[in-house]
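Inside the fold
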Amino acid sequence: MNKVLDYAQWTWNELDKYIGDAYNDKIIAEWAWVEKVRKKKLTYEELLMLKVLIDERRRKKG
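**Some details on unusual backbone geometry**
Even without glycine at this site, lysine 26 takes up a positive phi of about 65 degrees. Residue placement: lysine 26 occurs in the loop between α1 (9-24) and α2 (31-38). On the basis of relative accessibility, which here comes to 72%, the residue lysine 26 falls in the exposed class. With a phi angle near 55 degrees, lysine 40 is a residue other than glycine that sits in the positive phi range. Locating lysine 40 in the fold gives a position in the loop between α2 and α3 (44-61).

Now the structure itself:
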């Protein structure tokens, strides 16, 4: 789980949009998450944690 994601470029582009939108919408506050995606350094463990946090925070906000 603590391995860096091994994804095709289109997947990184989708993650950049997903994480970037969450940052821009103030769902997550740390720019470091966007940077990790852009540098292709995000791990499976981090992606799972972010997915749960972002989705849950969006659900509560809406």
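**What about the packing of aromatic side chains?**
Evaluated as defined, the whole model comprises 3 aromatic pairs. When the ring of tyrosine 7 is compared with that of tyrosine 44, the centres are 6.1 Å apart and the planes differ by 80 degrees; the resulting orientation is edge-to-face. Of the two residues, tyrosine 7 is situated in the segment before α1 and tyrosine 44 in helix α3; the sequence distance between them amounts to 37 residues. With a relative accessible area of 28%, tyrosine 44 lands in the partly exposed category. One aromatic cluster is present, built from ring pairs that chain together Tyr7, Trp12 and Tyr44.

Cut-offs and rules
- Residues numbered from 1 in each chain as written.
- Predicted model: local features only at pLDDT ≥ 70, side-chain atom pairs only at ≥ 80, totals over all residues.
- Heavy atoms only, no water.
- Helix = DSSP H or I, 4+ residues; strand = E, 2+ residues; numbered from the N terminus.
- Buried < 20%, exposed > 50% of the residue type's maximum accessible area, 1.4 Å probe, protein only.
- Phe/Tyr/Trp six-rings, centres within 6.5 Å; stacked < 30°, edge-to-face > 60°.

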